[in-house]
Amino acid sequence: MDRRSALKKTGLLAGAVAMPSMLSLLQSCKNEARLTWKPEFFTKEEAKTIGVLVDMILPRTDTPGALDVKVDVFIDRVIARAYDEEGQQSMRAEIAKFNSLCKDNYGANFVDLNEDRRIEVLKAAEKSNGKFSLGVWGTSIGEQEEIGFYRSIKSMAIWAYFTSEEIGKNVLNYDPIPGDYEGCKPLSEIGNRWSLG
């Protein structure tokens, strides 16, 4: 399998793996102690890179950030448990390539850059990585361009973040037993987006 195919598979993983399995992986991450978690797949340096990257993508504001809901732990577990050996090797190579580009352009690995440099790296990655094709019912419309390492990690981080229990119950609107159907309600009365809890 070439790198392009591996990255396409990585980006489309959320749609290909059974939802209950992914959700159970995410929920198992919430009990992992922040300072003592041991990566299943990543080396310590790779885990630091992913941790800093997802923290830059989804930082803590007035709501929890990616690290607060352990998105980095989730990504590590998905790669360890759902990727085949070829996909794992590809991920490891992409992390190394990402850090190599940071060294070439800024003189240090991503985790060792200051925040301004990290922002520059992410802006460049946004421009150079392909975008996901529009889809219908989980199927891409047209040819999917290569999404690249950054876009695949960003996609997985956002998915993990918004499906975490903490965000679903405490940030998004959450109603485990929906009430009456109100089809014509002004958007201003609805408030936050709704969690799929």
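Computed from a predicted model, the values in this text were never measured in an experiment.

Asks: Got a sec to walk through the overall build of the protein? Specific residues and values, please.
Replies: Across its full length, the protein carries 9 helices and 2 strands. The N-to-C order of helical and strand elements in the protein reads α-α-α-α-α-α-α-β-β-α-α. Looking at the protein as a whole, 39% of its 197 residues qualify as buried. Residue pairs at least 24 apart in sequence account for 62% of intrachain contacts in the protein once pairs closer than 6 positions are excluded. Counting every atom, the protein has about 11900 Å² of accessible surface; 53% of that belongs to carbon and sulfur.

Asks: Residues and numbers for the packing of helix α4 (residues 44-57) against helix α7 (residues 115-128), please.
Replies: Packing of α4 against α7 brings their axes to within 11 Å, and their N-to-C directions diverge by 80 degrees. When the axes of α4 and α7 are compared, the pair comes out roughly perpendicular. Where α4 abuts α7, its residues Val52, Leu53 and Met56 lie against Glu115, Arg118, Ile119 and Leu122. Its residues placed into classes, the contact of α4 with α7 shows 5 nonpolar, no polar and 2 charged.

Asks: Hey, could you go over the nonpolar core for me, with residue numbers and the actual values?
Replies: If you look at the biggest cluster of nonpolar residues, it comprises 41 residues, and the most contacted ones within it are Phe42, Leu53, Val71, Ile75, Met91 and Phe110. Put simply, the parts of the chain that give this core at least two residues each are α4, α5 (71-82), α6 (85-106), α7 and α8 (148-162). The element that contributes the greatest number of residues to this core is α8, accounting for 8 residues.

Rules of the game
Residues numbered from 1 in each chain as written. Predicted model: local features only at pLDDT ≥ 70, side-chain atom pairs only at ≥ 80, totals over all residues. Heavy atoms only, no water. Helix = DSSP H or I, 4+ residues; strand = E, 2+ residues; numbered from the N terminus. Buried < 20%, exposed > 50% of the residue type's maximum accessible area, 1.4 Å probe, protein only. Contact = heavy atoms within 4.5 Å. Areas by Shrake-Rupley, 256 points an atom, 1.4 Å probe, with all protein chains shown as cover. Axes fitted to C-alpha atoms, helices over the stretch in contact; angles between N-to-C directions. Parallel < 35°, antiparallel > 145°, perpendicular 65-115°, else oblique. Nonpolar A, V, L, I, M, F, W, Y, C, P; charged D, E, K, R; others polar. Core = buried A, V, L, I, M, F, W, Y, C linked by side-chain atoms within 4.5 Å.

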